[in-house]
Amino acid sequence: MNKAYFFCGIGGSGMLPLALIVKAKGAEVAGSDRALDQGRTADKFEFLRGHGIALYPQDGSGITRSNQIVVTSAAVEPQVPDVQAARRVGATLLARAELLAELFNASPNAIGVAGTSGKSTTTAMIAWILHAMGRDPTVMNGAVMKNFVTPEIPFASAVVGASDIFVSEVDESDGSIALYRPRVAVVNNIALDHKSLDELRRLFAVYVAKSDIAVLGIDNDETAALAARQSPEKVISWSLSNPQANLFGSELRPAQDGIGFTMIERGTDARIGARLHVPGRHNVANALAALAACRAIGVPLVEATQALKGFSGVRRRLELVGTAGGVTIIDDFAHNPDKIAATLQTLHDFPGRLLVMFQPHGYGPLRLMKDAFIDCFAQSLGEHDVLIMPDPVYYGGTTEKTVTSADIVAGVTSRGRAAVAYAERSRCGEELVAQAAPGDRIVIMGARDDTLSSFAGNLLESVRIKPAS
């Protein structure tokens, strides 16, 4: 690739790995980011500089010639100076999803991983299986894959391989899922998140229609309906409740450090024992999706299952930050009702009160899912658990702020669960530390904010030095 790309918002979870992939393929890459200008997440930007990527302020100064291709994410608004500079010098403007789809669609063995929940973990599982089997895939993920982290590559959300396999998360939230032409289309589940269910049904139907093989999780009603509309020979289904699925997971055996299960392949007598070193029923579901996707391109199930035993997880997915004074801190990416319910269900498999801080990932999603958030917390919090919420993530712009965290808290408390809202996240942290007692688990939940992990780490230190009561 002898092109020059400029990534506006290069630190974003979907932008950073894509920038690394095109850089590794020989392109000239530069970029800017609002977080860089604000002095946030410095390690990430030092990592990018170490890979030969020039970084500029997000003031248009890095865009000076017409042969640059300026890549923007859905979060970049038209008034951003980089976009204005691109138009001024005649540079090409390209959406992140358009560039990713161009690379993805060029691969004969393109595996797209879609769905409301579980995309990043399923993508990472597929990546690890294929890597362990010597298939050398290229992988685009929206999260850091722990198996690929090294001292030189601490932000391993991308893998550049030499084979014709390209594995990528594909996103429905901005409608860009319609751009992809997968050989294998994975859909874990379909639930309300960024768009209405009617629009989601249409987007996922178009995505699956373009594929040769559809890997579909039929425990989800919407995905099951999608599977029923496909020809049977096109579908590899998986389930934790329906033995008629092509891959059926049963006999789940939860443990503190993971979960075991038995997988049965329909049409054979095979009963394959499996063990994951990541906990939770939802991760068994992710594993079945990953195994089915690998089977679709010819990887034997027994060998793939054996490889999956070495999967070490994805950063910020039920990630243990540490324990101090008998209090455990957990960092988690959960940000929609399905993800939150899965996290809380997994944690309730084991003893200990939960002190949950949930930072919504935007005012728009909060408004769209208000009732679903209230239902989720009211049903999933335990009798003695506590929910604490700061204001949503907000990086500027004209978003409507008619629904706030206080509205969610009011709904949850009206349903008999303990919840409180504070505008400032720092105040939430103080309350978490004040309430924490030996045996408790503090869970930090949220997305679109890289500082949540450092916040969780700082909480651990605060708990460590907390005076004995």
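Residues numbered from 1 in each chain as written. Predicted model: local features only at pLDDT ≥ 70, side-chain atom pairs only at ≥ 80, totals over all residues. Heavy atoms only, no water.

J.: Sorry, what's going on with the overall build of the chain here?
T.: From N to C terminus, the chain includes 16 helices and 21 strands. The C-alpha atoms of the chain give 22 Å as radius of gyration, which agrees with the globular expectation for 469 residues (23 Å, within 12%). Counting only C-alpha atoms, the chain reaches 65 × 60 × 45 Å along its principal axes. Considering the chain as a whole, with its 469 residues, one finds that 57% of them fall into the buried category. Within the chain, contacts between residues separated by at least 24 positions form 67% of all contacts whose residues are at least 6 apart in sequence. Between the centroid of the 45 positive side chains of the chain and the centroid of its 49 negative side chains there is a distance of 2 Å. (Helix = DSSP H or I, 4+ residues; strand = E, 2+ residues; numbered from the N terminus. Rg over C-alpha atoms; globule rule 2.2 N^0.38 Å. Buried < 20%, exposed > 50% of the residue type's maximum accessible area, 1.4 Å probe, protein only. Contact = heavy atoms within 4.5 Å. Lys, Arg positive; Asp, Glu negative; His and termini not counted. Charge placed at Lys NZ, Arg CZ, Asp CG, Glu CD.)

J.: Please explain the packing of helix H15 (residues 425-435) against helix H16 (residues 451-464) as it appears in this structure.
T.: Closest axis-to-axis distance for the H15/H16 pair is 10 Å, and the angle between their directions is 35°. The interaxial crossing formed by H15 with H16 has right-handed handedness. Facing Arg-425, Gly-429, Leu-432 and Val-433 of H15, the residues of H16 in contact are Thr-451, Leu-452, Phe-455, Leu-459, Ser-462 and Val-463. Partitioned by chemical class, the residues of the contact of H15 with H16 number six nonpolar, three polar and one charged. (Axes fitted to C-alpha atoms, helices over the stretch in contact; angles between N-to-C directions. Left-handed = near helix turned anticlockwise from the far one by under 90°. Nonpolar A, V, L, I, M, F, W, Y, C, P; charged D, E, K, R; others polar.)

J.: Explain the pairing of strand E14 (residues 258-265) to me, please; I cannot follow it from the model alone.
T.: A regular strand places its side chains so that they alternate between the two faces of the sheet. Burial runs high along E14: seven of the eight residues are buried. Relative to E14, strand E13 (residues 247-255) runs antiparallel, the two being bridged by seven bridges. Bridging across to E14, Ser-250 finds its partner in Thr-262. Remark: two residues form the turn of the hairpin made by E13 and E14, two consecutive strands paired antiparallel. (Pairing = 2+ DSSP bridges.)

J.: Before we go on, may I ask you to explain the pattern of salt bridges in this structure?
T.: Between side chains of opposite charge, a pair can form as their charged atoms come close. Taken as a whole, this structure holds 16 salt bridges when the rule is applied. For Lys-146, the salt bridge goes to Glu-319, with nearest N and O atoms at 3.6 Å. Of this pair, Lys-146 sits in the loop between strand E7 (138-140) and strand E8 (158-159) while Glu-319 is found in strand E16 (residues 319-324), placing the two residues 173 residues apart along the sequence. Using a relative accessible area of 28% as the deciding quantity, one classes Lys-146 as partly exposed. Judged by relative accessible area, Glu-319 falls into the buried class, the value being 17%. Put simply, Asp-198 and Arg-201 hold a salt bridge, and the shortest N to O gap is 2.6 Å. Of this pair, Asp-198 and Arg-201 both sit in helix H7 (residues 197-209), three residues apart, which is roughly one turn of that helix. In this structure Asp-198 comes out as exposed when scored by relative accessible area, which is 58%. We classify Arg-201 as partly exposed; its relative accessible area is 33%. (Salt bridge = Lys/Arg side-chain N within 4 Å of Asp/Glu carboxyl O.)

J.: Please clarify how helix H13 (residues 370-380) should be interpreted in this entry.
T.: A turn of α-helix holds 3.6 residues, and therefore any two residues three or four places apart point the same way. Within H13, the full set of buried residues consists of Phe-373, Ile-374, Cys-376, Phe-377, Ala-378 and Ser-380. Of the surrounding secondary structure, the elements contacted by the buried residues of H13 are helix H11 (337-347), strand E18 (354-359), helix H12 (363-368), strand E19 (386-389) and helix H14 (405-414).

J.: Even after reading the chapter, I still don't get the sheet that holds strand E12 (residues 235-239), so can you show me in this structure?
T.: Pairing between the strands of a sheet comes from backbone hydrogen bonds, and it takes one of two forms, parallel or antiparallel. An order of E8-E7-E9-E6-E10-E11-E12-E13-E14-E15 is seen for the 10 strands of this open sheet, with the pairing classed as mixed. The strands lining the two open edges of the sheet, one partner per strand, are E8 and strand E15 (271-276). One ladder, built from four bridges, connects strand E6 (residues 109-114) with strand E10 (residues 184-187); its direction is parallel. Looking across to E10, one finds that Ala-114 is bridged to Val-187. Against the sheet, helix H6 (residues 119-132) touches E6, E7, strand E9 (165-169) and E15, its axis set at about 160° to E9. Against the sheet, helix H9 (residues 281-296) engages E6, E10, strand E11 (213-217), E12, E13, E14 and E15, with an angle of about 45° to E14.

J.: Any chance you could explain unusual backbone geometry here in plain terms?
T.: Most peptide bonds take the trans form, and the phi angle of most residues other than glycine is negative. Unlike most non-glycine residues, Arg-316 shows phi in positive territory, near 70°. Of note, Arg-316 is situated in the loop between helix H10 (301-308) and E16. For Arg-316, a relative accessible area of 10% gives the class buried. Although it is not a glycine, Leu-318 adopts a positive phi angle of roughly 50°.

J.: Sorry, what's going on with the nonpolar core here?
T.: A general trend in soluble globular proteins is that nonpolar side chains are found buried together. Counting residues in hydrophobic clusters, the biggest one holds 51 residues, and the most contacted among them are Phe-7, Ile-10, Phe-204 and Tyr-207. Filtering out sequence-adjacent residues up to four positions away, Phe-204 remains in contact with Ala-114, Gly-115, Glu-172, Ile-177, Val-187, Asn-189, Ile-190 and Leu-226. The next biggest cluster of nonpolar side chains, apart from the first, holds 50 residues, and it includes Val-215, Ile-272, Ala-285 and Ala-292. (Core = buried A, V, L, I, M, F, W, Y, C linked by side-chain atoms within 4.5 Å.)

J.: What exactly am I supposed to notice about the pairing of E13 here?
T.: Bridging between E12 and E13 involves two bridges; their strand directions are parallel. Counterpart to Trp-238 in the pairing with E13 is Leu-247.

J.: When you look at the side chain of Ser-211 in this model, what are you seeing that I'm missing?
T.: Tracing the backbone shows Ser-211 in the loop between H7 and E11. Excluding its chain neighbours within four sequence positions, the residues that come into contact with Ser-211 are Pro-182, Arg-183, Ala-185 and Lys-234.

J.: Any chance you could explain the environment of Leu-18 here in plain terms?
T.: With respect to the element layout, Leu-18 can be found in helix H1 (residues 16-24). Owing to a relative accessible area of 0%, Leu-18 belongs among the buried residues under this scheme. Through-space distance from the C-alpha of Leu-18 to that of Leu-99 is 8.5 Å; in sequence the pair is 81 residues apart. If sequence neighbours within four positions are ignored, Leu-18 has contacts with Phe-7, Arg-96, Leu-99, Leu-100, Leu-103 and Met-140.

That's the geometry; what it means functionally is another story.
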